[in-house]
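Okay, here's what each chain looks like letter by letter:
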Protein chains: 2
Amino acid sequence: MIIELVNTGTELLLGQIVNTNAPFLAARLNELGFSVLYQTTVGDNRERMKSVLKTALDRANIVITSGGLGPTQGDITKEVTAALLNKPMYLHEASAERIQRFFTEHRLCMTDNNLRQAMMPEGAQIIENTCGTAPGVIVEQETTGKVIINLPGPPHELAAMFEKSIISYLTKRFGVQGAIVSRVLRTYGLGEAALEERIKQYISAQSNPTLALLARNGEIHVRITARAASETESVQLINELEGQIQPLLNEYIFGIDEETMEKSVGSLLLAKKLTIALAESCTGGLVTSRITDVPGSSQYLLGSIVCYSNTVKTRDVGVPEEIIATRGAVSQETAECMAQGIRERFQTSIGVGITGIAGPDGATENKPVGLVYIAIDGSAGTVCYEHYFNGTRMDIKHRTALAALNHVRHYLLNI
Amino acid sequence: MIIELVNTGTELLLGQIVNTNAPFLAARLNELGFSVLYQTTVGDNRERMKSVLKTALDRANIVITSGGLGPTQGDITKEVTAALLNKPMYLHEASAERIQRFFTEHRLCMTDNNLRQAMMPEGAQIIENTCGTAPGVIVEQETTGKVIINLPGPPHELAAMFEKSIISYLTKRFGVQGAIVSRVLRTYGLGEAALEERIKQYISAQSNPTLALLARNGEIHVRITARAASETESVQLINELEGQIQPLLNEYIFGIDEETMEKSVGSLLLAKKLTIALAESCTGGLVTSRITDVPGSSQYLLGSIVCYSNTVKTRDVGVPEEIIATRGAVSQETAECMAQGIRERFQTSIGVGITGIAGPDGATENKPVGLVYIAIDGSAGTVCYEHYFNGTRMDIKHRTALAALNHVRHYLLNI
């Protein structure tokens, strides 16, 4: 079954928002075995939206729209859908009441406009919106058996409606189409070319499963995608290929699918029953925040000190003043003292010290923006790494955080 | 001039990556006065890509593709473009040499595949890629004067090529089309409905400039978009409407365009010559990290303590043990002691204490996941706010961070 996603909304055409509905729907639909072959974005313009929907209906069996179900005059997706399929619009009483209730419950004043959300194409299936006021709509074209599904634009409303109602409709109405399954091996530390070189025999040999390399915020993801009659068979195909690739990438793979670097560090700390504390300067708490993104991180993260000023570095983390005076706040020695100091103060198994120049200012003749020192102190002694990162202040903060977490991961793997 | 963006790449159809090229190109093109009326995404399939490009060329004057210029067999965008416009492909010597140089310089092994990147449609204009190996291509259809522009898929390569070469080509070749300019008023604290209610007369009256409300990670953005012959005239139109709306939203507006909440807090601290330190528990350093995202934040942020464990709360931030024992670690009293403790310890003008339950675990009978206390201590005394946030652990962390920064902003506005 071929699906086309039609995203409506002038804000998309103006580039003022990133479209996250399309990847969400595409990923879920593929998991269900539907083929999303086209995605189109069009603005809130009747004529153009109608022609886009017509094209979509010509080349796909199922057209899923997102957006344009709201109360404003700019919300025209339902009307255009109805017009294309020659269905008159009528006021759907139940929806009208739901909307009225919603406004009463949330003590909001309701305008007549809001009732536009209750106008429905004749014969349409109305889909409840559990997170908002705009119901979804499913309209079938009798002559062809093709279907247009109108979903709301707000991502959480669209996702909830899709999971709660659309999946069951699609699988009932069209049956399951076999399954495309993907697995991502997340790697860090190897360049894309070097990584490709290591597994090129599998990349060139690929048919099913397919292999793709994707660079993602400093990580390189190896995506294995298999298609088979059932999810089990697809998974089996993936397991076989992963078994062949894994030894070639080995220590560079830190996680599978949604397993982030901080999750993998957390799992190691838990498994080894170790605790950690950080002294962060240039990262300003970002590394600690990432560590605490993981549920249960309080079992191993005791706390951290963001020592942005030198006073805090010396008074609260215990970096000797003369080290800062002679070596500088951004130096291997300071990073090491930060790691040792925070570990001692917080009585943890692991201490981490991070200091660097995030920029855009603060560079000196021999210390450029992007120079970062990451030190780790623990039962295996103190190690320190020097990095020169490129990019904006944000880039440097994020690359430093990722590198720091990976250094901790390797330190933990070796004790 | 009507433009259609055609994004190629099976990973987009599989929903494995979010498309950031389309919003980037759309935003820049609109600023230049071009109308992006359609965006289409298609996979690496010759037949479907050709039909999509044909449809695009029928309804637009300029078609800009992204992706599919790489060395692999799956990279077919140039070939399909050439086939559609009936141009044979040939090996472009200069590009071949550039690619060979690139591999030598970066000490990478080059495969014959890489030379596919040097195959060009006859008569095409070759655009240098300053960030990668795949050159861009501009091909004109003599009969219609319409144009297809092939850009590489990696966002930084695409952006660099667009800024460096494509803008000048478009403006020379098609002339500037007048200017669409947008300005965003960033608000926080008013619900979308309440906000719409306040400015509804302007929303219903809108024609040029237009007004749009966009909910963005807890903020609501009021986007004013004007179109006029020149940028100056567009800006003038925006200024007039902003002048009318501003008094109605007033203290809820914290920033304009790219001015984030942390930037606005930083500007207030700088202007009032004040310093700040935070004691963060449930946010794990996220608020401090956001504050340090702003260049020059070291002028007002001295440091913070992430006091995840109760030991750190008492020993390092000075929260009395009995407060935690009697009121609990997540309580107004603890938050207030954290704010006062960190302010005293770090000798800052402002101290902030944040404690809560980020979930998914940790809830008690009368303390649900999402319960957060944010306290601020300063010359105006200690204040504390209680919040009940919804969503995932990450949602709660981010909503807490935003609320905390906004509370600090209001505290600063009133001293």
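All residue numbers refer to positions counted from 1 along the written sequence of the respective chain. Chains carry letters and ligands carry numbers; both start at the beginning, A for chains and 1 for ligands, and go up in the order they are written. Per-residue local features are limited, in this predicted model, to residues with pLDDT of at least 70; the limit for side-chain atom pairs, both in listing and counting, is 80 or more; totals at the level of whole chains, interfaces and linings are taken over all residues. To get the side-chain values, all heavy atoms of the structure are used, and hydrogens and water are removed first.

Chain A carries the name Putative competence-damage inducible protein in an unreviewed UniProt entry, which gives Sporomusa ovata as its organism. UniProt positions are given in the numbering used here, feature names are shortened, and annotations may be inferred rather than shown by experiment. Check the Sequence similarities (unreviewed entry) section of the UniProt entry for chain A; it says "Belongs to the CinA family."

## Quick word on the interface of chain A and chain B
Should any heavy atoms of two residues lie within 4.5 Å, those residues are counted as being in contact. With 66 residues of chain A at the contact, the number on the chain B side is 65 residues. By buried area we mean the combined loss of accessible area, with a 1.4 Å probe, across both parts when two parts are placed together. When chain A packs against chain B, the two sides together hide about 5300 Å² of surface, and 56% of this comes from carbon and sulfur. Put simply, a salt bridge is a Lys or Arg side-chain nitrogen that is within 4 Å of an Asp or Glu carboxyl oxygen. Counting every contact that joins chain A to chain B gives four salt bridges. Between A:Asp293 and B:Lys397 there is a salt bridge, with the nearest N and O atoms lying 2.5 Å from each other. Think of a polar contact as two N or O atoms within 3.5 Å of one another; within protein, one of them needs to be a possible hydrogen donor and the other a possible acceptor, and neighboring residues in sequence only count if both atoms come from side chains. Between the two partners, chain A and chain B, sit 34 residue pairs in polar contact (both at pLDDT 80 or more). Per-element tally for the side of chain A that touches chain B: the top contributor is strand β2 (residues 35-42) of chain A, with seven residues. Classifying every residue of the side of chain A that touches chain B by side-chain character gives 31 nonpolar, 23 polar and 12 charged. Here strand β14 (residues 301-306) of chain A pairs with strand β14 (residues 301-306) of chain B via three bridges, running antiparallel. Following the sheet pairing, A:Val306 is matched in β14(B) by B:Ser304. Helix and strand assignments follow DSSP, with helices taken as H or I runs no shorter than four residues and strands as E runs no shorter than two, numbered in order from the N terminus. Gly is put with the polar residues, along with every residue not named as nonpolar or charged; the nonpolar set is Ala, Val, Leu, Ile, Met, Phe, Trp, Tyr, Cys and Pro, and the charged set is Asp, Glu, Lys and Arg. We call two strands paired when DSSP finds no fewer than two bridges between them.

## Considerations on unusual backbone geometry
Residue and element names in this part refer to chain A. The omega angle of the peptide bond from Gly-359 to Pro-360 is 0 degrees, so this bond is cis rather than trans. In this structure, Pro-360 sits in the loop between β15 (350-356) and β16 (371-378). A positive phi angle, near 55 degrees, is found at Asn-86, a position not held by glycine. With respect to the helices and strands, the residue Asn-86 is situated in the loop between α4 (77-84) and β4 (89-91).

## Section: the pattern of salt bridges
Per the counting criterion, the structure on display carries 36 salt bridges over all chains. When the shortest N-O distance is used, the salt bridge between A:Arg183 and A:Glu242 registers 2.4 Å. Taken together, the positions of A:Arg183 in strand β9 (residues 179-187) and A:Glu242 in helix α9 (residues 231-249) put the pair 59 residues apart, joining distant regions of the chain. In this structure, the salt-bridge partner of B:Arg186 is B:Glu219, at a minimum N-O distance of 3.4 Å. Residue B:Arg186 is found in strand β9 (residues 179-187), and its partner B:Glu219 is found in strand β11 (residues 219-228); the two are separated by 33 residues along the sequence. Considered together, B:Arg186 and B:Glu219 belong to a single accessibility category, that of buried residues. Connected via shared salt-bridge partners are A:Arg46, A:Glu79 and A:Arg116. Summary of the burial criterion: residues with accessible area below 20% of their type's maximum are buried, those above 50% are exposed, and those between are partly exposed, where the area comes from a 1.4 Å probe applied to protein chains only.

## So, the packing of helix α2 (residues 21-31) of chain A against helix α6 (residues 155-174) of chain A
Residues and elements named next belong to chain A. Put simply, α2 and α6 touch, their axes get as near as 11 Å, and they point 25 degrees apart. By the angle class used here, α2 and α6 are roughly parallel. Of the two possible hands of crossing, α2 and α6 adopt the one that is right-handed. Residues Asn-21, Phe-24, Leu-25, Arg-28 and Leu-29 of α2 form the contact with α6, whose own contacting residues are Pro-155, Leu-158, Ala-159, Phe-162, Glu-163, Ile-167 and Leu-170. Tallied by class, the residues present in the contact of α2 with α6 amount to nine nonpolar, one polar and two charged. Fitted lines through C-alpha atoms give the axes, limited to the stretch in contact for helices. The angle between two N-to-C directions lies from 0 to 180 degrees. Small angles under 35 degrees read as roughly parallel and large ones over 145 as roughly antiparallel, with 65 to 115 read as roughly perpendicular and the rest as oblique. Handedness of each helix crossing follows the sense of rotation of the near helix against the far helix: counterclockwise by less than a right angle gives left-handed, clockwise gives right-handed.

## Observations regarding the environment of A:Leu413
Residue and element names in this part refer to chain A. Considering the arrangement of structural elements, one finds Leu-413 in helix α15 (residues 393-413). Given the relative accessible area of 44%, Leu-413 is considered partly exposed. A sequence separation of 141 residues divides Leu-413 from Lys-272, and the C-alpha atoms of the two residues are 9.6 Å apart. Leu-413 has contacts with Leu-268 and Lys-272, leaving out every residue within four places of it along the chain.

## Notes on the relation of the copies chain A and chain B
Each of the two chain copies can be generated from the other by rotation about an axis followed by a shift along it. Superposing copies: least-squares fit, C-alpha atoms only, residues required to have pLDDT of at least 70 in both. With an RMSD of 0.3 Å, the fit of chain A onto chain B corresponds to turning through 180 degrees and sliding 0.3 Å along the axis. Taken together, the rotation angle and the small translation identify this as a two-fold axis. In this assembly, 97% of the residues forming the interface of chain A have copies in chain B that are likewise at the interface, indicating an isologous arrangement.

## Description of the nonpolar core
As a rule of thumb, nonpolar side chains are buried together in soluble globular proteins. Residues and elements named next belong to chain B. Counting residues in each nonpolar core, the largest one holds 35 residues, and the members touching the most others are Leu-269, Ile-276, Ile-350, Ile-354 and Leu-412. Among the secondary structure elements, those contributing two or more residues to this core are α10 (261-271), β13 (276-280), α11 (286-291), β15 (350-356), β16 (371-378) and α15 (393-413). With nine residues, the single largest contributor to this core is α15. Contact partners of Leu-412, with chain neighbours within four places excluded, come to Val-265, Leu-268, Leu-269, Lys-272, Leu-274 and Ile-350. Nonpolar cores were defined as sets of buried Ala, Val, Leu, Ile, Met, Phe, Trp, Tyr and Cys residues, with membership established by side-chain atoms within 4.5 Å.

## Here we look at the sheet that holds β9(B)
Residue and element names in this part refer to chain B. Taken in spatial order, the four strands make up an open sheet running β10-β11-β9-β12, and their pairing is antiparallel. Pairing within the sheet leaves two strands with one partner each, and these edge strands are β10 (210-216) and β12 (253-256). Each strand axis lies, on average, 25 degrees off the axis of its neighbour in the sheet, ignoring direction. Pairing analysis gives three bridges linking β9 to β12, with the strands arranged antiparallel. Paired with Thr-187 across the bridge in β12 is Ile-253.

## Structural notes on the environment of B:Ala403
All names here are of chain B. As for its position among the elements, Ala-403 is in helix α15. Residue Ala-403 is classed as buried on the basis of its relative accessible area of 0%. For the pair Ala-403 and Val-287, spaced 116 residues apart in sequence, the C-alpha separation works out to 9.9 Å.

## Observations regarding the pairing of β15(B)
All names here are of chain B. Among the seven residues in β15, seven count as buried, and that is most of the element. In β15, alternate side chains face the same way, and those of Ile-350, Val-352, Ile-354 and Gly-356 on one face and Gly-351, Gly-353 and Thr-355 on the other are all buried. For β13 and β15, the ladder comprises five bridges, and the chain directions are parallel. Paired with Ala-277 across the two strands is Gly-351, which belongs to β15. In terms of strand pairing, β15 meets β16 through six bridges, oriented antiparallel.

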